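Spelled out from the first residue to the last, the chains are:
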Amino acid sequence: MPPTLPSDDTRALLQSVVDVARAIFVAAASSVFLLDDEAGELVFQAVSGEGEDLLVGTRFPAHRGIAGWVASSGQAMIADDLTMTRAFARDLAESTGYVPSALMAAPLLSEGRVLGVLEVLDPSPRPRGGLQDLDLLALFAGQAAIALRVAGRAAPGAGSPSWGTTDEQMMDAFRDFLRHRAH
């Protein structure tokens, strides 16, 4: 089924997620794709940095590229050298007008279902242990998934939003991570 179009508030929250992810990772760009199962496509919903004025609404095949791999596997990924990464679809990147050298991506998971993908392109070069960056990226992806889930519940006829334990735990983990990172 096609993704429900996010409300203005949800779009603003998704934009905030990509803006903050881009700032924390000191990246050239960050984006959120939503999965359109019916069309078999990933759709740009929020973009910060390179391509932000052009890409929202652009669609790509859901089975291609790193975003496609993350969407189908439900697993996060860091690729510090995209020339060595088989999943990278250079032709898709070229069609956006920006070809990154490195990329991080995490699925937007809600109740065991992939809603989309959060990507961070060309994060600042630094030694990565992998897990800390993946954990942080997964927290941001979790925030975006919560926003989408709550927006879906708040849609006409869906009832009012109700924050479940999973949502509260995700928000607490996110706050704890940011507190520890600030020290």
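Notes on the structure follow. (Residues numbered from 1 in each chain as written. Predicted model: local features only at pLDDT ≥ 70, side-chain atom pairs only at ≥ 80, totals over all residues. Heavy atoms only, no water.)

Before going further, it helps to examine the nonpolar core. Ranked by size, the top nonpolar core spans 26 residues in total, and within it Phe33, Leu42, Ile66 and Val117 carry the most contacts. Considering each element in turn, this core owes the most residues, four residues, to helix H2 (residues 65–73). Ignoring sequence-local partners within four residues, the contact set of Ile66 consists of Met77, Ala79, Leu82, Thr85, Ala87, Phe88, Leu103, Ala105 and Glu119. The next biggest cluster of nonpolar side chains, apart from the first, holds 22 residues, and it includes Ala21, Ala46, Leu108 and Leu136. (Core = buried A, V, L, I, M, F, W, Y, C linked by side-chain atoms within 4.5 Å. Buried < 20%, exposed > 50% of the residue type's maximum accessible area, 1.4 Å probe, protein only. Helix = DSSP H or I, 4+ residues; strand = E, 2+ residues; numbered from the N terminus. Contact = heavy atoms within 4.5 Å.)

Counted by the stated rule, this structure contains five salt bridges. With its nearest N and O atoms 3.7 Å apart, the salt bridge here joins Asp37 to Arg113. A residue pair is termed long-range when its members are at least 10 positions apart, and Asp37 in the loop between strand E1 (29–36) and strand E2 (41–49) and Arg113 in strand E6 (residues 113–121) qualify at 76 residues. One salt bridge connects Asp91 with Arg64, and the closest N-O pair in it is separated by 2.6 Å. Linking Asp91 in helix H3 (residues 90–96) with Arg64 in the loop between strand E3 (59–61) and H2, this pair joins segments that are 27 residues apart in sequence. Judged by its relative accessible area of 29%, Arg64 is partly exposed. (Salt bridge = Lys/Arg side-chain N within 4 Å of Asp/Glu carboxyl O.)

Turning next to the side chain of Glu119. Looking at the element boundaries, Glu119 is found in strand E6. Although buried, Glu119 forms no salt bridge, and the nearest oppositely charged side chain, Arg64, lies 12 Å from it. Not counting residues up to four positions away in its chain, the partners in contact with Glu119 are Ala29, Ser30, Ser31, Phe33, Ile66, Ala67, Leu103, Met104 and Ala105. (Lys, Arg positive; Asp, Glu negative; His and termini not counted.)

Here we come to H2. Among the residues of H2, Gly65, Ile66, Ala67, Gly68, Val70 and Ala71 are the ones counted as buried. In the core, the buried residues of H2 are packed alongside E1, E2, strand E4 (77–79), strand E5 (103–110) and E6. One or two positions beyond H2, positive phi appears at Gly74, with a value near 75 degrees.

Bringing empty space enclosed by the protein into the picture now. Think of a ball as big as a water molecule: rolled over the atoms, this probe shows where empty space is left. Inspection of every chain in the model, using the stated rule, returns one cavity of 30 Å³ or more. Volume-wise, the largest cavity comes out at about 320 Å³. In terms of lining, the largest cavity is formed by 25 residues, of which the most central are Phe33, Phe44, Ala93, Thr96 and Glu119. Elements with a contribution of two residues or more to the lining of the largest cavity: E1, E2, E3, H2, H3 and E6. Tallying contributions element by element places E1 first for the lining of the largest cavity, with four residues. Tallied by class, residues from the lining of the largest cavity come to 18 nonpolar, four polar and three charged. (1 Å grid on protein atoms, 1.4 Å probe; cavity = no way out; pocket = protein on both sides within 12 Å on 5 of 7 lines; lining within 4 Å. Points joined across faces, edges and corners; volume = space filled by probe spheres on them. Nonpolar A, V, L, I, M, F, W, Y, C, P; charged D, E, K, R; others polar.)

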